[in-house]
Amino acid sequence: YWPGLARRDIGQLTVGNISETSTYCRYTITAAYPNEGFEAFYRNGDQICIACGDSWPAGAAADGAQECPERIRFTAQSGDVQYDANKVLGVNSCTECPASEVRGVYETP
(Lines give C-alpha, C1' and ligand atoms only; values in the text may rest on other atoms or scores of the structure.)
Protein backbone atom coordinates (compact mmCIF):
# COMPACT_ATOMS: atom_id res chain seq x y z
CA TYR A 1 0.00 0.00 0.00
CA TRP A 2 1.42 3.36 -1.05
CA PRO A 3 -0.29 6.30 0.71
CA GLY A 4 0.80 8.63 -2.09
CA LEU A 5 -1.17 6.55 -4.56
CA ALA A 6 -4.42 6.39 -2.61
CA ARG A 7 -7.42 7.12 -4.83
CA ARG A 8 -8.76 10.59 -4.04
CA ASP A 9 -12.55 10.96 -4.09
CA ILE A 10 -13.26 14.39 -5.56
CA GLY A 11 -17.05 14.07 -5.36
CA GLN A 12 -19.73 14.87 -7.90
CA LEU A 13 -18.52 16.85 -10.90
CA THR A 14 -20.34 19.35 -13.13
CA VAL A 15 -19.99 19.08 -16.90
CA GLY A 16 -18.11 22.05 -18.39
CA ASN A 17 -16.72 23.33 -21.67
CA ILE A 18 -13.15 23.72 -22.84
CA SER A 19 -11.93 27.27 -22.39
CA GLU A 20 -8.86 28.71 -24.10
CA THR A 21 -7.94 30.54 -20.89
CA SER A 22 -8.24 27.57 -18.50
CA THR A 23 -5.87 24.75 -17.65
CA TYR A 24 -6.85 21.18 -16.85
CA CYS A 25 -5.82 17.92 -15.24
CA ARG A 26 -6.14 15.04 -17.71
CA TYR A 27 -7.29 11.57 -16.71
CA THR A 28 -7.91 8.17 -18.27
CA ILE A 29 -10.99 6.26 -17.07
CA THR A 30 -10.02 2.92 -15.49
CA ALA A 31 -13.34 1.68 -14.03
CA ALA A 32 -17.04 2.55 -13.95
CA TYR A 33 -19.55 1.69 -11.21
CA PRO A 34 -23.07 2.50 -12.48
CA ASN A 35 -26.06 2.30 -10.17
CA GLU A 36 -28.44 -0.54 -11.00
CA GLY A 37 -30.37 0.22 -14.18
CA PHE A 38 -27.92 2.85 -15.45
CA GLU A 39 -25.30 2.71 -18.19
CA ALA A 40 -21.82 4.18 -17.90
CA PHE A 41 -21.15 6.95 -20.45
CA TYR A 42 -17.38 6.47 -20.37
CA ARG A 43 -15.52 3.30 -21.27
CA ASN A 44 -12.14 2.27 -19.89
CA GLY A 45 -9.44 4.19 -21.75
CA ASP A 46 -11.57 7.30 -22.43
CA GLN A 47 -9.84 10.55 -21.47
CA ILE A 48 -11.42 13.44 -19.59
CA CYS A 49 -10.29 16.90 -18.47
CA ILE A 50 -11.03 18.51 -15.11
CA ALA A 51 -10.54 22.28 -14.87
CA CYS A 52 -7.87 23.54 -12.50
CA GLY A 53 -8.80 26.35 -10.13
CA ASP A 54 -7.65 28.20 -7.02
CA SER A 55 -8.64 25.38 -4.67
CA TRP A 56 -8.01 22.34 -6.90
CA PRO A 57 -5.69 20.65 -7.29
CA ALA A 58 -3.94 21.59 -4.08
CA GLY A 59 -0.17 21.23 -4.02
CA ALA A 60 2.54 22.38 -6.37
CA ALA A 61 4.98 20.48 -8.53
CA ALA A 62 8.71 21.13 -8.41
CA ASP A 63 8.38 23.73 -11.18
CA GLY A 64 5.69 25.62 -9.28
CA ALA A 65 2.82 24.34 -11.45
CA GLN A 66 -0.25 22.81 -9.84
CA GLU A 67 0.28 19.05 -9.61
CA CYS A 68 -2.69 16.85 -10.46
CA PRO A 69 -3.63 13.96 -8.13
CA GLU A 70 -2.39 10.61 -9.47
CA ARG A 71 -5.57 8.57 -8.98
CA ILE A 72 -9.10 9.90 -8.52
CA ARG A 73 -12.68 8.74 -8.07
CA PHE A 74 -15.58 10.96 -9.07
CA THR A 75 -19.34 10.83 -9.47
CA ALA A 76 -20.96 11.85 -12.75
CA GLN A 77 -23.17 14.97 -12.80
CA SER A 78 -26.28 12.73 -12.90
CA GLY A 79 -25.17 11.04 -9.67
CA ASP A 80 -25.82 7.61 -11.22
CA VAL A 81 -22.28 6.49 -12.08
CA GLN A 82 -19.01 6.59 -10.14
CA TYR A 83 -15.73 6.42 -12.04
CA ASP A 84 -12.11 5.69 -11.19
CA ALA A 85 -9.48 7.43 -13.28
CA ASN A 86 -5.70 7.74 -13.39
CA LYS A 87 -3.62 10.71 -14.47
CA VAL A 88 -2.65 10.61 -18.17
CA LEU A 89 0.96 9.44 -18.38
CA GLY A 90 3.38 12.30 -18.83
CA VAL A 91 0.79 14.99 -18.00
CA ASN A 92 1.55 15.79 -14.36
CA SER A 93 0.28 19.31 -13.91
CA CYS A 94 -2.42 21.65 -15.17
CA THR A 95 -2.24 22.08 -18.94
CA GLU A 96 -4.46 22.63 -21.98
CA CYS A 97 -7.25 20.17 -22.81
CA PRO A 98 -7.02 18.86 -26.40
CA ALA A 99 -10.66 18.60 -27.57
CA SER A 100 -9.81 15.96 -30.16
CA GLU A 101 -8.43 13.58 -27.52
CA VAL A 102 -10.98 13.79 -24.71
CA ARG A 103 -14.53 12.52 -24.30
CA GLY A 104 -15.57 14.78 -21.42
CA VAL A 105 -14.75 18.05 -19.66
CA TYR A 106 -15.63 19.02 -16.08
CA GLU A 107 -15.57 22.21 -14.05
CA THR A 108 -13.25 22.60 -11.05
CA PRO A 109 -14.36 20.31 -8.20
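Described below are features of the structure shown in this document. Each chain carries its own residue numbering, running from 1 in the written order of its sequence. Only residues with pLDDT of at least 70 get local features here, since the model is predicted, and only at 80 or more are side-chain atom pairs given and counted; chain-wide, interface and lining totals rely on the full set of residues. Side-chain measures here rest on the full set of heavy atoms in the structure, leaving out hydrogens and waters.

Two strands form a pair only when DSSP identifies at least two bridges running between them. What counts as a helix is a DSSP run of H or I of at least four residues, what counts as a strand is a run of E of at least two, and both are numbered from the N terminus. If you trace the six strands from one edge of the open sheet to the other, you get S1-S4-S5-S2-S3-S6, paired in mixed fashion. The sheet is open, and its two edges are formed by strand S1 (8–12) and strand S6 (104–106), each paired on a single side. Neighbour-to-neighbour, the strand axes of the sheet open up by a mean angle of 30 degrees, direction not taken into account. Relative to S6, strand S3 (residues 47–51) runs parallel, the two being bridged by three bridges. Bridge pairing in S6 links Ile-48 to Gly-104. In this analysis, axes come from line fits to C-alpha atoms, helices being fitted only over the stretch in contact, and the angle between any two N-to-C directions falls in the range 0 to 180 degrees.

So, about the pattern of salt bridges. Every case where a carboxyl oxygen of Asp or Glu lies within 4 Å of a side-chain nitrogen of Lys or Arg is listed as a salt bridge. Applying the stated rule across the entire model yields five salt bridges. In this structure, the salt-bridge partner of Arg-103 is Asp-46, at a minimum N-O distance of 2.9 Å. Of this pair, Arg-103 sits in the loop between strand S5 (81–87) and S6 while Asp-46 sits in the loop between strand S2 (24–34) and S3, placing them 57 residues apart in sequence. As a salt-bridge pair, Glu-70 and Lys-87 come within 3.4 Å of each other at their nearest N and O atoms. Pair noted here: Glu-70 is in the loop between S3 and strand S4 (71–75) and Lys-87 is in strand S5, with a separation of 17 residues, a long-range link. Linked by salt bridges that have partners in common, Arg-7, Arg-73 and Asp-84 make up one network.

Looking now at the packing of aromatic side chains. Geometry of aromatic contacts follows a simple scheme: Phe, Tyr and Trp rings, the Trp one being its six-membered ring, pair when their centres are within 6.5 Å, and the pair is stacked under 30 degrees between planes, edge-to-face over 60, tilted otherwise. Summed over the entire model, instances satisfying the criterion amount to five aromatic pairs. Arranged with centres 4.9 Å apart and planes meeting at 75 degrees, the rings of Phe-41 and Tyr-42 form a pair that is edge-to-face. Using a 1.4 Å probe on the protein chains alone, a residue whose accessible area is under 20% of its type maximum counts as buried, one over 50% counts as exposed, and one in between counts as partly exposed. Residue Phe-41 is classed as partly exposed on the basis of its relative accessible area, which comes to 47%. Cluster of aromatic residues (ring-pair linked, three or more members): Phe-41, Tyr-42, Phe-74, Tyr-83 and Tyr-106. Cation placement over rings: the criterion is NZ of Lys or CZ of Arg within 6 Å of the ring centroid and within 35° of the ring normal. Above the ring of Phe-41, the side-chain terminus of Arg-103 is found at 4.0 Å from the ring centroid.

Attention shifts here to the pairing of S3. A large share of S3 lies buried, amounting to five of its five residues. Side-chain alternation along S3 places Gln-47, Cys-49 and Ala-51 on one buried face and Ile-48 and Ile-50 on a second face that is also buried. Where S2 and S3 come together, five bridges link them in antiparallel fashion. Bridge pairing links Tyr-24 to Ala-51 in S3.

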